[in-house]
Amino acid sequence: MAQKILIVDYGSQYTQLILKNLRHAGYPGEIVPFNRVPTLNDPNIRGIILAGGPRSVYEKNAPTLPDGLFDIDVPILGICYGFQLLCSTMGGETLPGNTTEYGSSVIEIKNRSMLFSGIDQSRINAWMSHSDEVKKASENFTISAVSENGFIVAVEDMSKKIFGVQFHPEVTHTQEGTKVLGNFLKMIDIQDKWDMDSRLGQIKADIAEKTNNERVALAISGGVDSTVLAVLLKEVIGDRLIPIFVDNGLLRKNEARDRMEMFASLGLNVKCIDSSTLFVDRLQGVVDPEEKRKIIGKTFIEVFEKELKGSGVRFLGQGTLYPDVIESTPVYGQSSKIKLHHNVGGLPEKLNLDLVEPFRYLFKDEVRELGKLLNVPSPVLDQHPFPGPGLAVRIIGAVNEQRLELLKEIDDIFISELKSTGLYEQIWQSLAVLVPVKSTGVKGDVGISEHLTVLRAVTSVDGMTADWFEMPSDFLKKVSSMITNRVKGINRVVYDITSKPPATIEWE
């Protein structure tokens, strides 16, 4: 058995980010639910990280520390809930806070502790996601940082190699978070390193073993994930790959045409199925976003099954990522479902195809890294994410042809201008949202009542957290003018400046 760092999951949305950070640093890790932790006296367990979670340590039946945790001599790091659990178990006290801390918060480093070694600033921005407060730390702990609200946010006991932080160092928006985790990892001796090249080799082997000379139908959308998957499957199984592009009518302006041209340039023989009328008709009158996803997911599979009927195809390939999974269903522990994704929770119960999802526990940036190893062109890898349900979840309320055409025109202006000005490459994801709200306006000296559209652009690495992009005011002024002048029915444009959390990147 290989050496590893054990990550105990208490249901945090960010648990997999911890594992991703370990991988990038070359350390192998394994995530286990808090109620299924293996025996800790395994010599291959070289360190333990207690992840966050949505519960409170003082609740009845709240998750507890693993048995025998303090009997082993390995470095331990508690994050968020794990931090509170360590403090409470070791003689401290955690209670509901008078102030909640979500998103970016300034913390003050009180001493040059092991965790903050090499960090010159005394104040850094850290990502928080908690409503409880550690009122008192154990006597054995040294308090090494506090938040701007006076909360204890970092402690350590060097003699026992036990550390705890209230903030999330695994999140990209925590300033110096990589260094904090790196300082903890310096105390862990692991010989077996992790790298993406070896991961790619394992993924290829897994695909070959699972498919076992069977054909694989791939739902290819043209986005980063499904396109990298198509190139990967083509390399592993060759002509046994059957890539199919479904035009669901919920795509961007001229996207079906552009995608087919791109597929041909990659040497992929993709079949296009125009089912736009079917999808849009089934969405008529549907307002609830979860219901939209279910309808789209069900229709998506129906189209595939009809197309493949009698073909003997057994497998369906999908570019599902970990953020899709963790936001849709609890995976490891008690993570809270945020929304349903059409290729995760929206699949019908009786699916007649077995899934091939080799990216299921990877992030967007890791898939891009795999794409580079597979020589996928940069324009494909650098494109912004686009949701599987398409514009249906960017139209708040009912979906119909008229509202789709409105949003397609708005989106086309926004994205085209981002690209022409060079801003597109600075942004992780950009989108336009059509809101079912009308406001009073004036066009040509005539009073009007037209619709509102929201523009959104965020910076991120993996989609698990995101900050709004500080768009230049002259760009917003120009795009707002273009939209209100060119798109009939729109008279007001606003820009979303909310981070994730508390919001999600998409509105639905």
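In this report, the structure presented in the accompanying data block is examined. (Residues numbered from 1 in each chain as written. Predicted model: local features only at pLDDT ≥ 70, side-chain atom pairs only at ≥ 80, totals over all residues. Heavy atoms only, no water.)

**Considerations on the sheet that holds strand S7 (residues 142-147)**
As summarised here, the arrangement of the nine strands in space is S2-S1-S3-S4-S9-S8-S7-S5-S6, forming an open sheet in which the pairing is mixed. With partners counted over all chains shown, the strands left at the sheet margins are strand S2 (29-33) and strand S6 (123-136), one partner each. For this sheet, the mean angle separating the axes of adjacent strands, direction not counted, is 25°. Pairing of strand S1 (residues 4-9) with S2 involves five bridges; the strand directions are parallel. Residue pairing for S2: Ile7 is matched across the bridge by Ile31. Taken strand by strand, helix H3 (residues 177-185) contacts S1, strand S3 (45-50), strand S4 (76-79) and strand S9 (162-165), and its axis lies near 155° from that of S4. (Pairing = 2+ DSSP bridges. Helix = DSSP H or I, 4+ residues; strand = E, 2+ residues; numbered from the N terminus. Axes fitted to C-alpha atoms, helices over the stretch in contact; angles between N-to-C directions. Contact = heavy atoms within 4.5 Å.)

**Examining the sheet that holds strand S11 (residues 241-247)**
The strand order across the open sheet built from five strands is S12-S11-S10-S13-S14, with neighbouring strands paired in parallel fashion. A single partner strand is all that each edge strand has here, and the edge strands are strand S12 (271-274) and strand S14 (354-356). Neighbour-to-neighbour, the strand axes of the sheet open up by a mean angle of 30°, direction not taken into account. The sheet contacts of helix H4 (residues 196-211) involve strand S10 (216-219), strand S13 (315-317) and S14, and relative to S14 the element is tilted by about 165°. Here helix H5 (residues 224-237) sits on the sheet in contact with S10, S11 and S13, set at roughly 165° to S10.

**What to know about the pairing of S4**
One face of the sheet, then the other: side chains in a regular strand alternate in exactly this way. Both faces of S4 are covered, namely the face carrying Ile76 and Gly78 and the face carrying Leu77 and Ile79. In the sheet, S3 pairs with S4 via three bridges, with the strands oriented parallel. Along S4, the bridge assignment pairs Leu50 with Gly78. Both S4 and S9 contribute to a ladder of four bridges, which runs parallel. For Gly78, the partnering residue across the bridge sits in S9 and is Gly164. (Buried < 20%, exposed > 50% of the residue type's maximum accessible area, 1.4 Å probe, protein only.)

**With respect to the environment of Thr440**
As for its position among the elements, Thr440 is in strand S15 (residues 429-443). Sequence spacing of Thr440 and Asn491 is 51 residues, and the spatial spacing of their C-alpha atoms is 8.1 Å.

**Some thoughts on the nonpolar core**
Soluble globular proteins: nonpolar side chains tend toward being buried together. In this structure, Phe304, Leu418, Leu455, Met471 and Ile483 are the most contacted members of the largest nonpolar core, which totals 49 residues. With eight residues, helix H12 (residues 401-421) is the largest single contributor of residues to this core. In this structure, Leu200, Val224, Leu362 and Val380 belong to the second largest nonpolar core, which totals 35 residues. (Core = buried A, V, L, I, M, F, W, Y, C linked by side-chain atoms within 4.5 Å.)

**Focus: H5**
The terminal C-alpha atoms of H5 lie 20 Å apart, and with 14 residues this matches the ideal 20 Å at 1.5 Å per residue to within 8%. Of all 14 residues that make up H5, eleven are buried, and the element is covered over most of its length. Buried within H5 we find Val224, Asp225, Ser226, Thr227, Val228, Leu229, Ala230, Val231, Leu232, Leu233 and Ile237. Positive backbone phi, approximately 60°, marks Gly238, located one or two places after H5. (Expected span 1.5 Å × (residues − 1).)

**Details of the packing of helix H1 (residues 15-24) against helix H10 (residues 364-373)**
Running from amino to carboxyl end, H1 crosses H10 at an angle of 35°, the nearest separation of the two axes being 11 Å. Residues Lys20, Arg23 and His24 of H1 touch H10, and the partners they reach there are Asp365, Glu366 and Glu369. Tallied by class, the residues present in the contact of H1 with H10 amount to no nonpolar, one polar and five charged. (Nonpolar A, V, L, I, M, F, W, Y, C, P; charged D, E, K, R; others polar.)

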